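Now for the letters of each chain:
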Amino acid sequence: MIVQLSPDTPPVIADVDRLDRLHAVSPGPLADMTSGSLCRFDDDGEHVWLDIAVARAAGTDVSEDDGWPEKYDAMIAYATSKGWTDGAGTHVRAHVERSDG
């Protein structure tokens, strides 16, 4: 799952069915990107905090895989086991990769 960031529009999920890799793609510094309900930006400028429930709802709406919700939940369980979720268990941390724009 990829979170696509933009300076002009709120974050969106891309490649929803690829649940073996979670990250965000940004065409520039996070400070220049538009935030939204899908994720908030970490102060370090290198990570986003993806809202687990918002992402699950968005993915369920667009995926054609009937087993997608269970696969998503397994991805989040793995992330939790690695310590990549916040203390409340509502957000999962994802690193940011830079794109050329």
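All of these numbers come straight from a predicted model, not from anything done at the bench. (Residues numbered from 1 in each chain as written. Predicted model: local features only at pLDDT ≥ 70, side-chain atom pairs only at ≥ 80, totals over all residues. Heavy atoms only, no water.)

Aromatic ring pairs are defined here through the distance separating the ring centres and the angle between the ring planes. Tallied over the entire structure, the rule returns two aromatic pairs. Relative to Tyr72, the ring of Trp68 has its centre 5.0 Å away and its plane inclined at 20°; by these criteria the two rings are stacked. Highlighted residues: Trp68 and Tyr72, both in helix H2 (residues 68–81), separated by four residues, approximately one helical turn. Of the two residues, Trp68 and Tyr72, neither departs from the other in class, the shared state being buried. Pairing Tyr78 with Trp84 gives two aromatic rings, centres 5.9 Å apart and planes at 75°, and the pair type is edge-to-face. For Trp84, a relative accessible area of 41% corresponds to the partly exposed category. (Phe/Tyr/Trp six-rings, centres within 6.5 Å; stacked < 30°, edge-to-face > 60°. Helix = DSSP H or I, 4+ residues; strand = E, 2+ residues; numbered from the N terminus. Buried < 20%, exposed > 50% of the residue type's maximum accessible area, 1.4 Å probe, protein only.)

In terms of nonpolar packing, the biggest core is built from 23 residues, with Met1, Leu5, Val48, Leu50 and Tyr72 touching the most fellow members. Elements that contribute at least two residues to this core include exactly strand E5 (47–51), helix H1 (52–62), H2 and strand E6 (91–98). A total of five residues in this core trace back to one element, the largest contributor, which is H2. Other than its neighbours up to four places away in sequence, Val48 contacts Leu5, Ala24, Leu30, Cys39, Arg40, Phe41, Asp42, Val92, Arg93, Ala94 and Val96. (Core = buried A, V, L, I, M, F, W, Y, C linked by side-chain atoms within 4.5 Å. Contact = heavy atoms within 4.5 Å.)

Moving on: H2. With 14 residues, H2 should cover 20 Å at 1.5 Å per step; its first-to-last C-alpha distance of 20 Å lies within 8% of that length. Of all the positions in H2, only Trp68, Pro69, Tyr72, Met75, Ile76 and Ala79 are classed as buried. Relative to the axis of H2, the buried residues are bounded by an arc of 120° and lie together on one face. Across from the buried face of H2, at angles greater than 90 degrees, the exposed residues are Glu70 and Ser81. Residues of H2 that are buried in the fold lie against E5, H1 and E6. Directly after H2, the chain includes Gly83, whose backbone phi takes a positive value near 85°. (Expected span 1.5 Å × (residues − 1). Arc of directions from axis to C-beta.)

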